[in-house]
Amino acid sequence: MEINSEGWHSDSHIVVAVSTGIDSMVLLHQLIKHYSHSYKKITCLHVNHGIRDIATKEEQFIKQYCEQNNIELFVYNLDLSHVINAGNSIETEARTMRYGWFDIMMKRLNADVLLTAHHLDDQIETVFYRIMTGRSTRSKLGMEYKMRRNSYLIVRPFLNVTKNEIKYYQHEWQVPFYEDETNKDNKYVRNDIRNRLLPEIDNNMHLSTHQLLKLKDWHDEQMDVIHQEANHFIDKKVTNHHNITKIVFSRNEFLELRHGVKMIVLDKLTEKLALEQPISEKTYEVWFKQIASNIAQCTLYATDKWIIHIAYDKFILMANYEQALSQIKVNEPGAYTFGHYTIEIINILPVENYPLTIRTRQDGDKFQLNGDNGHKKVSRLFIDEKIIQQQRDEMPVIVNAKEEILAVGTLFLKQKYNEFILIRNVGEE
């Protein structure tokens, strides 16, 4: 049985995630006995989940095995009691904690590649699981042979090797391993797929689970095209997509995209916001309806740090300024900060204007039009300029000692003061 060793080279420090099950023990045996020339150093990581009576014996077994083969081993004991006591599934939580520890260890070891023993049968199981749980529209269907995670690569050398080949090798070389009894418990979804559903399909002479691999290849090709279209849209149509404080694009141009491309565009952009949880596909569906509606302004999503909303013909992702915008009294020239605006008062501003007040809008605010005896409401100015609600609440209004409005953000500046007051919205830079 050959494994795919293209993911590392003779100067690599490889790390093997070993559970003591047949798959990872056969992989470790292969690397030691037949592929020692392919790497410079090998290290093992073992996670003791602490939920089975035999877990302690497995830990002792792998310690002894690594000692006999002169391999450095690190063990991590997971505490999942809070998950179990809450009656929640441990699968997702355990995986998150496990890979969190892998991240720490790969950095500490200054290692290049983490190897896992996922095989072809696991791949088929993964494709089936993602299709049947509706997780096929925003990511590739199966596992990749090689993928980047933080500062290291995850490589799956067995991804084209069947479970039967692994069992044959184990029998031939008498590789020691521990059987995880929980793998037979069909209360876990992945076990039910592996033990009951997939065998039933293969028992039908007209069906073959291996057809899922063809679907995976086709699906992944289409997903690559969708990502290309999404990247093109972001590069060409999204303003400030490198600026994580404010990202803007056309609402109508976004609606013209294919459904799948829309989701990937939003995935790529919201990834920049480092949200605690990715936004669900169901939520996206609600957003798409709102974007396509006649609603002029609508907040789609908000946290204490970010706001995602539509406003007139724009789709906007922007920072949510947490600080309250308290009014500022200005008694002398200088540079002042108000939210994400900077206001510079030049020292030749006529003194009768002091003290100036910098504040947010108030009900009934009016300003005198330049070159006209008429007045205009600040609220009307916002409507005419299609200013979104969030920006209205943050925009500085500058008032002089006579209660005259001299400026409204960057939208209006009283003509005779244009040499004395300079206002910039640094959030748009």
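Undergrad: Quick rundown of helix H4 (residues 90–109)? Include the residues and the values.
TA: For H4, which comprises 20 residues, the first-to-last C-alpha distance of 28 Å matches the rise-based estimate of 28 Å (1.5 Å per residue) to within 8%. Taken together, the buried positions of H4 are Ile90, Ala94, Met97, Tyr99, Trp101, Phe102, Asp103, Met105, Met106 and Leu109. Downstream of H4 by a residue or two, Asn110 has a phi angle that is positive, lying close to 55°.

Undergrad: Provide a residue-level description of unusual backbone geometry, including the pertinent values.
TA: At the junction of Tyr354 and Pro355, the peptide bond is cis and its omega measures out at 0° in the coordinates. In this structure, Pro355 sits in the loop between strand E13 (341–345) and strand E14 (356–359). In the Ramachandran plot, Tyr312 falls in the positive-phi region, its phi being about 60° despite a non-glycine side chain. Relative to the elements of secondary structure, Tyr312 occurs in the loop between strand E9 (306–311) and strand E10 (314–319).

Undergrad: Can you lay out the nonpolar core for me, pointing to particular residues and giving the numbers?
TA: In this structure, Trp8, Leu28, Leu31 and Ile62 are the most contacted members of the largest nonpolar core, which totals 35 residues. Secondary-structure elements contributing two or more residues to this core are strand E1 (13–17), helix H1 (22–33), strand E2 (41–48), helix H2 (55–68), strand E4 (113–115), strand E6 (152–155) and helix H6 (163–173). Considering every element that reaches this core, the biggest residue donor is H1, with seven residues. Contacts of Ile62, omitting those with residues within four sequence positions, involve Val18, Thr20, Met25, Leu28, His46 and Leu73. With 31 residues, the next largest nonpolar core counts Phe254, Leu257, Leu273 and Leu275 among its residues.

Undergrad: So what's going on with the sheet that holds strand E7 (residues 246–250)? Residues and values would help.
TA: Strand order across the open sheet formed by four strands is E7-E10-E9-E8, with antiparallel pairing between neighbours. Both edges of this open sheet fall to E7 and strand E8 (297–302), since each of them pairs with a single strand only. Strand-to-strand, the axes of this sheet are offset by a mean angle of 15°, without reference to chain direction. Of the pairings in the sheet, the one linking E9 to E10 comprises six bridges and is antiparallel in character. Bridge pairing in E10 places His309 opposite Ile316.

Criteria and thresholds
Residues numbered from 1 in each chain as written. Predicted model: local features only at pLDDT ≥ 70, side-chain atom pairs only at ≥ 80, totals over all residues. Heavy atoms only, no water. Helix = DSSP H or I, 4+ residues; strand = E, 2+ residues; numbered from the N terminus. Expected span 1.5 Å × (residues − 1). Buried < 20%, exposed > 50% of the residue type's maximum accessible area, 1.4 Å probe, protein only. Core = buried A, V, L, I, M, F, W, Y, C linked by side-chain atoms within 4.5 Å. Contact = heavy atoms within 4.5 Å. Pairing = 2+ DSSP bridges. Axes fitted to C-alpha atoms, helices over the stretch in contact; angles between N-to-C directions.

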